[in-house]
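# Close look at the chain arrangement
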Amino acid sequence: MDQHMYDEYLAILREEIVPALGCTEPIAIAYASAKARSILGRLPEHITVKCSGNIIKNVKAVIVPTTGDMKGIETSAVLGAVGGNPEKKLEVLVDVTDEDLQLTRKLLKQKICSVELLEGVSSLQIIVEMRAGEESALVEVAFAHTNIVRMEHNGEVLFKKGLTAKNATETDRSLLNLRDIYDFALAVKLEDVADLMERQVDCNMKIAREGLSNKYGANVGATMLAHYGDDVRTRACALPAAGSDARMNGCVLPVMINSGSGNQGMTVSLPVAVYAEELEVTRDKKIRALVLSNLIAIYQKNELGKLSAYCGAVSAAVGAGAAIAYLNNADYEVIEETIINTLGNVSGIVCDGAKASCAAKIASSVNAAILAYHMASERRGFHDGEGLVKADAEKTLKSYGRMGREGMRATDIEILRIMLED
């Protein structure tokens, strides 16, 4: 791998693996609102939030962090304007106070916020408009959760950039491919990635333990450990599920994300950490496995797009399965087959919004990835021409990526219609 590609792969990891407080879609709304408030310079009298369907889908049923039990777009926008700190981006609500929450509840009762659906736009798009007296402000976010593409004050454009997915990142994702990801994971200098990988595991393990210890959502993770035992396979499924239990249901602990998602960040990291501990591998091998898992997930999401009807837990679990194979000293061919076997099994799981059941989808996806590895280790698997499976893992990944990106567009629209019905 030449130095340019090496540097880009490092930059991709650093760009994607960052801390976030709460589900990233309501946080993106709070961030845009906090930024608009900073432009307006005063508390707004009215806020209009215009969102793409996928944003609405992912905000509808999750508790906004720091609120205890409050949900929805209006809560996210008003709280962002009242107590958000835009400088902290995906941790925008970390400094919210009890006084901020009281004022937010008061303003919500006054119905100062209205919501509109944006149609014919990117799957991740938010426009927050606010006014107070004669003053107005606007902030638009698109393609990535903190990617501001437009800011206005009193109708004057303060900032604007091209509305394309390429402008949402500073890295070149076209360089990603499975073989180079594998080679990079094996060759990367430990000092370049160790701190990031270990912070991801430490941070995500804390919220997983919280999800196991207290009542959040449906307590999927705790239920698994109570009824399935605590062997390595069950722990690998239960820990990220428990983290999702907590995160989807109001826990204020941060998560180190992957591909804009805390659920995916936990899924790529915690099963790998569990297997690394069980197998008693070296620190070096554990970190390389985490690099492999994260980059494979990022690669798939680059094919799928940030938000779609395709459940991101699947792409994250594919990365985890490949890393578990690597921890078990599997060769590249077995890792490839693990990827194929996972996709051939659970790629049909749909995303019907962020909510408590995300934890169960994580558990199912990780379980499928572990099965995929065991099948691959015995040279068993799904073959070219069977459904969307192609001749190798690279082609198979792109095949399922196309299905999720292009084929499931109509599914995505219908899911939103059903969710918005009374």
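In case you missed it, the structure is sitting above this.
A brief report on the enclosed structure follows. It should be emphasised that the depicted structure is a prediction, and the values quoted were computed from it without experimental measurement.

## Here we look at the overall build of the protein
Along its length, the protein carries 16 helices and 8 strands. By the compact-globule yardstick of 22 Å for 422 residues, the protein fits well, its C-alpha radius of gyration being 21 Å. Considered along the principal axes of its C-alpha atoms, the protein spans approximately 70 × 45 × 45 Å. Among the 422 residues that make up the protein, the fraction classed as buried is 59%. Accessible surface for the protein amounts to roughly 16900 Å². Of this, 48% is attributable to carbon and sulfur atoms. Side-chain charges of the protein comprise 46 positive and 56 negative groups, with the mean position of each set lying 3 Å from the other.

## A closer look at the packing of helix H13 (residues 332-346) against helix H15 (residues 393-407)
One can describe the packing of H13 onto H15 by two numbers: an axis separation of 9 Å at closest approach and a directional angle of 25°. By the angle class used here, H13 and H15 are roughly parallel. The interaxial crossing formed by H13 with H15 has left-handed handedness. For the pair H13 and H15, the contacting residues are Glu336, Ile339, Ile340, Leu343 and Gly344 in the first and Ala393, Glu394, Thr396, Leu397 and Tyr400 in the second. Here the residues of the contact of H13 with H15 sort into 6 nonpolar, 2 polar and 2 charged.

## Re unusual backbone geometry
In the Ramachandran plot, Ser259 falls in the positive-phi region, its phi being about 60° despite a non-glycine side chain. Among the structural elements, Ser259 can be located in the loop between strand S8 (255-256) and helix H10 (262-279). In this structure, Asn329 takes a positive phi of about 65° despite not being glycine. Relative to the helices and strands, Asn329 is located in the loop between helix H12 (312-327) and H13.

## A word on the packing of aromatic side chains
Two measures describe an aromatic ring pair: the distance that separates the ring centres and the angle between the ring planes. For the structure on display, the rule yields 3 aromatic pairs. Chaining the aromatic ring pairs together yields one cluster made of Tyr6, Tyr9 and Phe184. For the cation-ring pair, Arg179 lies above Tyr332, with the distance from its terminal atom to the ring centre recorded as 4.2 Å. Stacked on the ring of Tyr326, the Lys or Arg Lys285 has its end atom at 4.0 Å from the ring centre.

So, how was this worked out
Counting of residues starts from 1 at the beginning of each chain's written sequence and follows it residue by residue. Reporting of local features is limited, given that this is a predicted model, to residues whose pLDDT is at least 70; pairs of side-chain atoms are given and counted only at 80 or more, and all residues count toward the totals for whole chains, interfaces and linings. Calculation of side-chain values draws on the structure's entire complement of heavy atoms; hydrogens and water are dropped beforehand. To qualify as a helix, a DSSP run of H or I must reach at least 4 residues; to qualify as a strand, a run of E must reach at least 2; elements of each kind are numbered from the N terminus. Atoms counted for the radius of gyration: C-alpha only. Globule rule: 2.2 Å times residue count to the power 0.38. When accessible area is computed with a 1.4 Å probe and restricted to protein chains, residues below 20% of their type maximum are described as buried, those above 50% as exposed, and intermediate ones as partly exposed. What sets the accessible areas is the Shrake-Rupley method with a 1.4 Å probe; for residues, cover comes only from the shown protein chains. Only four residue types enter the charge count: Lys and Arg as positive, Asp and Glu as negative, with His and the chain ends excluded. For this purpose, a charge sits on NZ of Lys, CZ of Arg, CG of Asp or CD of Glu. For helices, the fitted line uses only the C-alpha atoms of the stretch in contact; every axis is such a line through C-alpha atoms, and the angle between N-to-C directions lies from 0 to 180 degrees. Under this scheme an angle from 65 to 115 degrees is roughly perpendicular, one under 35 degrees roughly parallel, and one over 145 degrees roughly antiparallel; angles in between are oblique. Two helices that cross are described as forming a left-handed crossing if the nearer one is turned anticlockwise from the farther one by less than a right angle, and a right-handed crossing if clockwise. Contacts were defined at the residue level, with two residues in contact if any of their heavy atoms lie within 4.5 Å. Each residue is assigned to one class: nonpolar for Ala, Val, Leu, Ile, Met, Phe, Trp, Tyr, Cys and Pro, charged for Asp, Glu, Lys and Arg, and polar for all the others, Gly among them. Pairing of aromatic rings covers Phe, Tyr and Trp, the last counted by its six-membered ring, and requires centre-to-centre distances within 6.5 Å; plane angles under 30 degrees mean stacked, over 60 mean edge-to-face, and any other angle means tilted. Any Lys NZ or Arg CZ found within 6 Å of a ring centre and within 35 degrees of that ring's normal is scored as a charge over the ring.

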